[in-house]
Amino acid sequence: MTEKPGWKRIPTAGLILTAGNAKEYKTGEWRTQRPVINRDLCSNCLTCWINCPDSSILVEGGKFKDFDLDHCKGCAICVTVCPKKAIHMEPER
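Please read all numbers here as calculations on a predicted model, not as lab measurements.

A.B. asks: Mind showing me how you'd approach the side chain of His 71 here?
C.D. replies: Mapped onto the fold, His 71 is located in the loop between strand E3 (63-67) and helix H2 (77-81). Note on His 71: relative accessible area 13%, which makes it buried. Here Asp 68 takes part through its side chain, which lies 2.8 Å from a polar atom of the side chain of His 71.

In structure tokens, the structure reads:
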């Protein structure tokens with residue numbers, strides 16, 4: 001099979017056999033855009049954390065800490081739900 005430019009082959013199914021071991025697989029490489037936060041606008045409401053389907057919003061002490069880019073797939077849900085418009089997407093480097 002010929003690979004398409006920009007596509008990456010992913011491992012075959014069956015690697016995630018026990019609950020909780022999905023964190024061992026860095027799936028953020030699928031991303032074409034990455035989230036970036038403007039900390040001056042962020043109110044630490046954690047709406048992004050609640051809505052992130054990949055648990056890629058890191059929180060410490062009840063406040064936004066950072067993005068887990070090893071697992072963020074770039075879906076931009078965090079951008080959509082942020083009431084302060086503190087998050088935007090940038091092309092992946």
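A.B. asks: Quick question: what am I supposed to make of the side chain of Arg 34 here?
C.D. replies: Topologically, Arg 34 is positioned in strand E1 (residues 33-37). Relative accessible area serves as the criterion here: at 14%, Arg 34 is assigned to the buried category. A polar atom in the side chain of Arg 34 sits 2.5 Å from the side chain of Glu 92. If sequence neighbours within four positions are ignored, Arg 34 has contacts with Leu 69, His 88, Met 89, Glu 90, Glu 92 and Arg 93.

A.B. asks: I'm lost on a nonpolar patch on the surface in this one. Help?
C.D. replies: Taken together, the side chains of Trp 49, Ile 50 and Val 59 make up a nonpolar region of the molecular surface, amounting to roughly 310 Å² of accessible area. Here Trp 49 lies in helix H1 (residues 47-51).

A.B. asks: Honestly, the environment of Gly 6 in this entry has me stumped. Any pointers?
C.D. replies: You can see Gly 6 is positioned in the segment before E1. On the accessibility criterion, Gly 6 (78% relative accessible area) is exposed. Residues Gly 6 and Thr 32 lie 26 residues apart in sequence; the distance between their C-alpha atoms is 9.6 Å.

A.B. asks: It is not clear to me how the pattern of salt bridges should be interpreted in this structure. Could you clarify?
C.D. replies: One side chain can pair with another of opposite charge once the charged atoms of both are near each other. For the structure shown, the criterion picks out 5 salt bridges. The salt bridge partner of Glu 92 is Arg 34, with a shortest N-O separation of 2.5 Å. Residue Glu 92 is found in the segment after strand E4 (87-91), and its partner Arg 34 is found in strand E1; the two are separated by 58 residues along the sequence. Since its relative accessible area comes to 26%, Glu 92 is described here as partly exposed. Across the pair Lys 65 and Glu 60 runs a salt bridge whose closest N-O atoms are separated by 3.4 Å. Note on Lys 65: relative accessible area 44%, which makes it partly exposed.

Criteria and thresholds
Residues numbered from 1 in each chain as written. Predicted model: local features only at pLDDT ≥ 70, side-chain atom pairs only at ≥ 80, totals over all residues. Heavy atoms only, no water. Helix = DSSP H or I, 4+ residues; strand = E, 2+ residues; numbered from the N terminus. Buried < 20%, exposed > 50% of the residue type's maximum accessible area, 1.4 Å probe, protein only. Polar contact = N/O pair within 3.5 Å; in protein donor to acceptor, adjacent residues only side chain to side chain. Contact = heavy atoms within 4.5 Å. Patch = residues over 30% accessible without salt bridge, like charges linked within 9 Å, V, L, I, M, F, W, Y side chains within 5 Å. Areas by Shrake-Rupley, 256 points an atom, 1.4 Å probe, with all protein chains shown as cover. Salt bridge = Lys/Arg side-chain N within 4 Å of Asp/Glu carboxyl O.

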